[in-house]
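Now for the letters of each chain:
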Amino acid sequence: MDGQTSFSLGPSSLTDALYESVRKRIVNGEIAPGEKLTEIRIAGEYSVARPTAKACLERLTALGLLRRTAHKTAVVPKLDEDDIRDLYFSRETVERAAVAALARTATVPQPAARAQAAMKAAAGDMAFASQVEADIAFHSALVAAVGSRRLSRMHEVILGEVHLTMGQFQAHRTTHPMNVVHEHDDILKAIGDGDPERAQQRLAHHLDQAQGRLLGQLRRERSGEATA
């Protein structure tokens, strides 16, 4: 289409590649909160069939990265303070259960260790997008290692919105990236030491810090809007 940006997709499954590309654009803020995404738009931008575009939008909606309006249009949501508090309450409930289970057998999942290594590298390079991806991979690996399909499904939905907040508020930028790395190290050490209580405490501290950064950034944005 004339004047329209075209996006190419990787060699993986077309639906998966489309989902991943649109997800990254939402998370990175390229597709802004409040912006509408339609089947026609996605089909045109990526040169895919509308059923493929529809499947992508449905998947993004199921994971909380899009919401349907009263007219059923998919829109990138803007989370408020109540949303963030509820999100982190749910997240902590699931992840505390996961780290406690892992610590009882002193099991440090290798995928979590690899994600942590990637996060350290990204933090050293000050690569924000890579840091966010590694952070999500770290927490996903902890829950996946428990081996509970139901717990993992709940966590997948929660992390969709967590990822959304990272892109919208970019709260990682409000602290030195190595601070988050050190918090992850503390969680892994407690798990490896076989200490469920300390693992839960380190995780709760880590999530409390993350929630605080998000709420602080949200309040700064509100203050800026009020004085504009």
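How each quantity is defined
- Residues numbered from 1 in each chain as written.
- Predicted model: local features only at pLDDT ≥ 70, side-chain atom pairs only at ≥ 80, totals over all residues.
- Heavy atoms only, no water.
- Helix = DSSP H or I, 4+ residues; strand = E, 2+ residues; numbered from the N terminus.
- Rg over C-alpha atoms; globule rule 2.2 N^0.38 Å.
- Buried < 20%, exposed > 50% of the residue type's maximum accessible area, 1.4 Å probe, protein only.
- Contact = heavy atoms within 4.5 Å.
- Areas by Shrake-Rupley, 256 points an atom, 1.4 Å probe, with all protein chains shown as cover.
- Lys, Arg positive; Asp, Glu negative; His and termini not counted.
- Charge placed at Lys NZ, Arg CZ, Asp CG, Glu CD.
- Salt bridge = Lys/Arg side-chain N within 4 Å of Asp/Glu carboxyl O.
- Domains from an automatic or database assignment.
- Buried area = accessible area lost by both parts, 1.4 Å probe.
- Polar contact = N/O pair within 3.5 Å; in protein donor to acceptor, adjacent residues only side chain to side chain.
- Axes fitted to C-alpha atoms, helices over the stretch in contact; angles between N-to-C directions.
- Parallel < 35°, antiparallel > 145°, perpendicular 65-115°, else oblique.
- Left-handed = near helix turned anticlockwise from the far one by under 90°.
- Pairing = 2+ DSSP bridges.

The name given to the chain in an unreviewed UniProt entry is GntR family transcriptional regulator, and the organism recorded there is Nonomuraea longispora.

A. Spatial organisation of the overall build of the chain. The helix and strand inventory of the chain stands at nine helices and three strands. The secondary structure elements of the chain, listed N-terminal to C-terminal, are α-β-α-α-β-β-α-α-α-α-α-α. What you see for the chain is a C-alpha radius of gyration of 18 Å, in line with the 17 Å of a compact globule of 228 residues. Seen along its three principal axes, the alpha-carbon backbone of the chain occupies a region of about 60 × 45 × 35 Å. Counting every position in the chain, which comprises 228 residues, the buried fraction comes to 43%. Taking as baseline every contact in the chain between residues at least 6 positions apart, the subset at least 24 positions apart corresponds to 73%. When the accessible area of the chain is evaluated, it comes to approximately 11,300 Å², of which 50% is carbon and sulfur surface. Averaging the positions of the 29 positive and the 29 negative side-chain charges in the chain gives two centres separated by 3 Å.

B. Up close: the pattern of salt bridges. Under the defined criterion, the tally for this structure stands at 17 salt bridges. Across the pair Glu30 and Arg25 runs a salt bridge whose closest N-O atoms are separated by 3.3 Å. Two residues, Arg50 and Glu39, come together in a salt bridge whose shortest N-O distance is 3.4 Å. Here the residue Arg50 occupies a position in helix α3 (residues 50-62), and Glu39 occupies one in helix α2 (residues 39-46), the gap between them amounting to eleven residues. Owing to a relative accessible area of 22%, Glu39 belongs among the partly exposed residues under this scheme. Each of Arg25, Glu30, Glu35, Arg41 and Glu45 takes part in salt bridges that share partners, so that together they form one network.

C. Expanded view of the domain arrangement of the chain. Domain boundaries in the chain define domain 1 (13-75) and domain 2 (81-227). A separation of 25 Å is found between the C-alpha centroids of domain 1 and domain 2. At the junction of the two partners, domain 1 supplies eleven residues and domain 2 supplies 13 residues. With both chains or domains summed, domain 1 and domain 2 bury close to 960 Å², and 54% of this area falls on carbon and sulfur atoms. Three residues stand out in domain 1 for area buried against domain 2, namely Val27, Leu63 and Arg67, and they jointly supply 45% of the buried area on that side. There are two salt bridges connecting domain 1 and domain 2.

D. Seen up close, α2. Regarding α2, the residues found buried are Ile42, Ala43, Gly44, Glu45 and Tyr46. Turning to α2, the residues buried within the fold contact α1 (14-27), β1 (36-37) and α3. A positive phi of about 55 degrees marks Ser47, the residue just after α2.

E. Broad picture of the side chain of Gln116. Within the secondary structure, Gln116 is located in helix α5 (residues 110-125). Judged by its relative accessible area of 3%, Gln116 falls in the buried class. Side-chain polar atoms of Gln116 contact the side chain of His184, separated by 3.0 Å. Contacts of Gln116, omitting those with residues within four sequence positions, involve Phe138, Val181, His184, Asp185 and Leu188.

F. The arrangement of the packing of α1 against α3 in detail. The geometry of α1 relative to α3 is characterised by a closest axis approach of 9 Å and an angle of 50 degrees between their N-to-C directions. Classified by the angle between their axes, α1 and α3 sit oblique to one another. When the axes of α1 and α3 are compared, the crossing they make is right-handed. Residues Leu14, Thr15, Asp16, Leu18, Tyr19, Val22, Arg23 and Ile26 of α1 pack against Thr52, Ala53, Ala55, Cys56, Arg59 and Leu60 of α3.

G. Local environment of the sheet that holds strand β2 (residues 67-68). In spatial order, the strands read β1-β3-β2; together these three strands make up an open sheet with antiparallel pairing. Of all strands in the sheet, those bounded by a partner on one side alone are β1 and β2. Sheet topology note: the β2/strand β3 (residues 74-75) ladder contains two bridges and is antiparallel. Directly across from Arg68, in β3, lies its bridge partner Ala74.

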